[in-house]
Amino acid sequence: MKLPLAIGLVLIMEVLLMDGIHAAKRRQMKLRDRMIADRKCTTGPMDLLFIIDSSRSVRPFEFELMRNFVIDMINFLNVGPDAARIAMIQYSSQIQNIFSFKTFQKKADMIKSIKEVIPLAQGTMTGLAIKYAMSIAFTEKEGARPLVQKIPRVAIIITDGRPQDRVTEVAAEARASGIEIYAVGVQRAEMSSLRAMASLPHEEHVFLVETFDLINQFAKTFKDKLCSQDLCANANHGCEQICTSTPGSFRCACREGYVLNPDKKTCTAIDLCSYGDHDCEQICVSSPGSYKCSCREGFTLNPDKKTCSAVNHCALGDHGCEHICVSTPGSYHCRCRPGYTLNQDKKTCSAINFCSLGDHGCEHICVSTPGSYKCRCRPGYTLNQDKKTCTMVNYCSFGNHSCQHECVSILNGYYCTCQDGFELQDDGKTCKAVDMCNTVEHGCEFECVSTPGSYFCICPAGRQLNEDGKTCNRCSKENIDLVFVIDGSKSVRPENFELVKKFVNNIVDALDISSQGTRVGLVQYSSRVRTEIPLGAHTSAVALKKAVNNVVYMEKGTMTGLALKHMMENVFIEAGGARPGSQGLPRVGVVFTDGRSQDSITEWAKRAKDAGITMYAVGVGKAVEDELREIASEPVDQHFFYASDFSIIDQIAENLKVNICEEEVTGQETIKDPCACETLVAFQQDTLSLLEEFSQKLAQMTEKLDDLENRLPKAVK
């Protein structure tokens, strides 16, 4: 009975002892914090760069916490040109320089700039940000102090996610260049990525917190590391010239012009002359921390205090030179003006016969003059601007040669020639075009048209010239039922919706729009679906394009699945204008969207393709590739198109023209009953259209004949 009681007393004493120990530790921590708060905190000089992650995963209130963290750190630091210099960048898929080390010197200016930052909200390219910090931010051009000054270079990276690029190599390169890196990860950040970025030891440079509001834990740790007493305030610690305080320590430095000795305390004057970059032209004289230039005997120092000039003996005026006196170091000599030679007395000059020297350079004739010479040309030539060479007189330049095309000048005359594709006539002046269509194998399928020196091929009305420039396409001779399903959601925006309508009309221009030819329908969708143009509602391209231009933008959501259902149930039916399936005509659907569907597309995309409809999927901007591929017919790569923005959808239109044309060619010919009412009405419409076109051409021809008749001379009439 006594033993259990003794054991119980021992346990109670251990509990009381542990409580006492914990209470003592808490008192010690409070005392430490009070001591740090009571003492004056100095942070010393450093170049500190904040690298802030502003990817789309960082929510607005979380970005505000990072913003407040940076502002709090700036308020804590001693900021100034000779103290802490601050810079800040933000990154996502790109880098934005908020301000560099040279931009601001006042905390208020920095804080104002930070409060105006707008997040980029894109990817997480952390490696790109570190590369920018190393190659641009920490450069003297951007305000970072030279490495020779040994000012700490510190980068604090705050990120909430896994980098989308490689960081290991570029971070190692940055650390090797002298940058100390702190990696602060929040929530989704990976510890392996943080350790790959941070400096050693990792326990002092890597921080991972669960939420952004706990980021102040890192701030407190970082402040404690920076906060130190100014050890140079009351003693110089044996430094001969300058004592510089650093966090928790000090170091000695020297004044400009001196270098610190190996003992790290005393200084020695730098022999600037020994470095070889003093710029003295002749002699460098070193002095403590400086130097000066001097000159050799016979020279005097110029005002720039670096270069030397020889003493000008000619300026004394007793040289006796007839023409020119040239001063040399300690003496002088005489020289003559161009065209003269110095006589044996070394003072007087005589004129030179330049023509007799044989190096005058005259192409034809050299004429000597006193102290010089001039050139002259033989008859039939004229002297060029260089006054040496000669050019044959250009008789063509006189303008009276009467050559129709080209004039070729020859000595004492000229003759005429013709341009390529023309031949000279018997009069020796006029030219006549060569009929290239009758002289070469042109290979035109339909008709060859001659032009001066060349030719080109043309096709009959209703057919277009192929890329080979010789054969004609067959696209407009076949029939299809074509339905455009276009996205009218809010994300498209009005100006881009106009581009979509232009995209539709661009394709319409390549089609044979008629009651018996190609029929086109148009469906617009957002949160609801609307048939804008039923199939076959317009039998001419002009009317159809006008109807497309009049379509009103819907806005709101993106219900692509509902639009596909509407296309199947309300458009590709006989009541909606589609021709009977028994006729075997191709049915083509073109879906145009700029974003993810808000409903499922799987069922109705499959039904459309199972029903024999050839489906094309066109996506722009944020359109989802998987959805586009699910809509597109096989082979998918030939029925799926994507553009990064609306400005280049015309290129897609050109590709669609080719593909839709191929759909027409694969369609089967149908034999229609010539007595059927539908056939008779269509024949009547097509006939009236052709008659109207013929009447317009006849009127134009009549007008041209009248004009030609009015131009004929009265005598001919």
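Residues numbered from 1 in each chain as written. Predicted model: local features only at pLDDT ≥ 70, side-chain atom pairs only at ≥ 80, totals over all residues. Heavy atoms only, no water.

1. Considering the environment of Cys437
1) Next: Summarising the element assignment, Cys437 is placed in the loop between strand 26 (431-433) and strand 27 (447-451).
2) Next: Using a relative accessible area of 14% as the deciding quantity, one classes Cys437 as buried.
3) Next: Separated by 17 residues in sequence, Cys437 and Ser454 have C-alpha atoms that sit 8.4 Å apart.
4) Next: Residues contacting Cys437, with those up to four places away along its chain left out, are His442, Cys448, Val449, Ser450 and Tyr455. (Helix = DSSP H or I, 4+ residues; strand = E, 2+ residues; numbered from the N terminus. Buried < 20%, exposed > 50% of the residue type's maximum accessible area, 1.4 Å probe, protein only. Contact = heavy atoms within 4.5 Å.)

2. Some points on the nonpolar core
1) Next: Formed by 35 residues in total, the largest nonpolar core has its most connected members in Leu482, Phe484, Phe503, Val590, Phe592, Leu656 and Ile660.
2) Next: Elements represented by at least two residues in this core include exactly strand 29 (481-487), helix 10 (494-508), strand 30 (519-525), helix 11 (541-549), strand 32 (587-593), strand 33 (613-620), strand 34 (640-643) and helix 16 (649-666).
3) Next: With 6 residues, helix 10 is the single largest residue contributor to this core.
4) Next: Discounting residues that sit within four places of it in the chain, Val590 has contacts with Leu482, Val483, Phe484, Val485, Tyr616, Val618, Leu656 and Ile660.
5) Next: Membership of the second largest hydrophobic core comes to 32 residues, among which are Phe69, Ile74, Leu77 and Ile98. (Core = buried A, V, L, I, M, F, W, Y, C linked by side-chain atoms within 4.5 Å.)

3. A look at the state of the cysteines
1) Next: Scanning all chains against the criterion turns up 16 disulfides.
2) Next: Shown here is the disulfide that connects Cys295 with Cys308, its sulfur atoms set 2.0 Å apart. Between Cys295 and Cys308, the S-S dihedral sits near -90°, and the bridge is therefore left-handed. Here Cys295, found in the loop between strand 12 (290-294) and strand 13 (299-301), pairs with Cys308, found in strand 14 (residues 308-310); they are 13 residues apart in sequence, far enough to count as distant. As far as the burial class goes, Cys295 and Cys308 line up, both buried.
3) Next: The disulfide that involves Cys437 links it to Cys448, with 1.9 Å between the sulfurs. Between Cys437 and Cys448, the S-S torsion sits near -80°, and that sign places the bridge as left-handed. Taken together, the residues Cys437 in the loop between strand 26 and strand 27 and Cys448 in strand 27 connect sequence positions 11 residues apart. (Disulfide = S-S within 2.5 Å.)

4. Here's the deal with empty space enclosed by the protein
1) Next: All told, the structure shown has 2 cavities of 30 Å³ or more when counted by the stated rule.
2) Next: If you add up the space inside the largest cavity, you get close to 50 Å³.
3) Next: Every residue lining the largest cavity is listed: Leu49, Ala87, Met88, Ile89, Asn97, Phe99, Ser100, Phe101, Tyr132, Ile136, Ala137 and Glu142.
4) Next: Split by residue class, the lining of the largest cavity holds 9 nonpolar, 2 polar and 1 charged.
5) Next: Empty space within the second largest cavity amounts to approximately 40 Å³.
6) Next: Around the second largest cavity, the lining residues are Ile51, Ile130, Ala133, Phe138, Ala155, Ile157, Ala174, Ile179 and Ile181.
7) Next: Here the lining of the second largest cavity is built from residues that sort into 9 nonpolar, no polar and no charged. (1 Å grid on protein atoms, 1.4 Å probe; cavity = no way out; pocket = protein on both sides within 12 Å on 5 of 7 lines; lining within 4 Å. Points joined across faces, edges and corners; volume = space filled by probe spheres on them. Nonpolar A, V, L, I, M, F, W, Y, C, P; charged D, E, K, R; others polar.)

5. Considerations on the pairing of strand 23 (residues 406-410)
1) Next: Bridge count between strand 23 and strand 24 (residues 413-417): 5 bridges; the pairing is antiparallel. Directly across from Ile410, in strand 24, lies its bridge partner Gly413. (Pairing = 2+ DSSP bridges.)

6. Describing the sheet that holds strand 3 (residues 95-99)
1) Next: Taken in spatial order, the 6 strands of this open sheet run 3-2-1-4-5-6, and their pairing is mixed. Sheet topology places strand 3 and strand 6 (206-209) at the edges, where each strand pairs with a single neighbour. With strand direction ignored, the average angle separating the axes of adjacent strands in the sheet is 20°.
2) Next: As judged from the 7 bridges shared by strand 4 (residues 153-159) and strand 5 (residues 179-186), these two strands associate in the parallel manner. Residue pairing in the sheet places Val154 in a bridge with Glu180 of strand 5.
3) Next: Along the sheet, helix 2 (residues 60-76) makes contact with strand 1 (46-53), strand 2 (84-91) and strand 4, crossing strand 1 at roughly 175°. (Axes fitted to C-alpha atoms, helices over the stretch in contact; angles between N-to-C directions.)

7. Focus on the packing of aromatic side chains
1) Next: With the rule as written, the count across this model stands at 5 aromatic pairs.
2) Next: Ring centres 5.3 Å apart and planes at 40° place the aromatic pair Phe101 and Phe138 in the tilted group. Of this pair, Phe101 sits in the loop between strand 3 and helix 3 (107-115) while Phe138 sits in the loop between helix 4 (126-137) and strand 4, and the two are 37 residues apart along the sequence.
3) Next: Here Phe101 falls in the buried class, since its relative accessible area comes to 4%.
4) Next: Geometry around Phe299 places Arg296 over its ring, the cationic atom sitting 5.8 Å from the centre.
5) Next: The ring of Trp604 carries the charged tip of Arg607 above its face, separated from the ring centre by 4.3 Å. (Phe/Tyr/Trp six-rings, centres within 6.5 Å; stacked < 30°, edge-to-face > 60°. Lys NZ or Arg CZ within 6 Å of the ring centre and 35° of its normal.)

8. Quick look at the packing of helix 2 against helix 3
In a pair of packed helices, the angle between the axes and the distance between the axes together describe the arrangement.
1) Next: The contact between helix 2 and helix 3 brings their axes to 10 Å, and the two run at 175°. Put simply, helix 2 runs roughly antiparallel to helix 3. Two secondary-structure elements touch here, helix 2 through Arg67, Val70, Ile71, Ile74 and Asn75 and helix 3 through Lys107, Met110, Ile111, Ile114 and Lys115.
2) Next: Class assignment for the residues of the contact of helix 2 with helix 3 results in 6 nonpolar, 1 polar and 3 charged. (Parallel < 35°, antiparallel > 145°, perpendicular 65-115°, else oblique.)

9. Remarks on the side chain of Ser100
1) Next: Within the fold, Ser100 resides in the loop between strand 3 and helix 3.
2) Next: Using a relative accessible area of 6% as the deciding quantity, one classes Ser100 as buried.
3) Next: Of note is the side chain of Ser100, whose polar atom sits 2.9 Å from the side chain of Thr103. (Polar contact = N/O pair within 3.5 Å; in protein donor to acceptor, adjacent residues only side chain to side chain.)

10. Considerations on the side chain of Lys501
1) Next: Looking at where Lys501 falls in the secondary structure, it is placed in helix 10.
2) Next: In contact with Lys501, other than residues within four places in its own chain, are Val548, Asn549 and Val551.

11. A closer look at helix 13 (residues 602-610)
1) Next: All of the buried residues in helix 13 are Trp604, Ala605 and Ala608. For helix 13, the buried positions fall inside an angular range of 105° around the axis, keeping them on one side. Away from its buried face, by an angle of more than 90 degrees, helix 13 presents the exposed residues Lys606 and Asp610.
2) Next: One or two positions beyond helix 13, positive phi appears at Gly612, with a value near 90°. (Arc of directions from axis to C-beta.)

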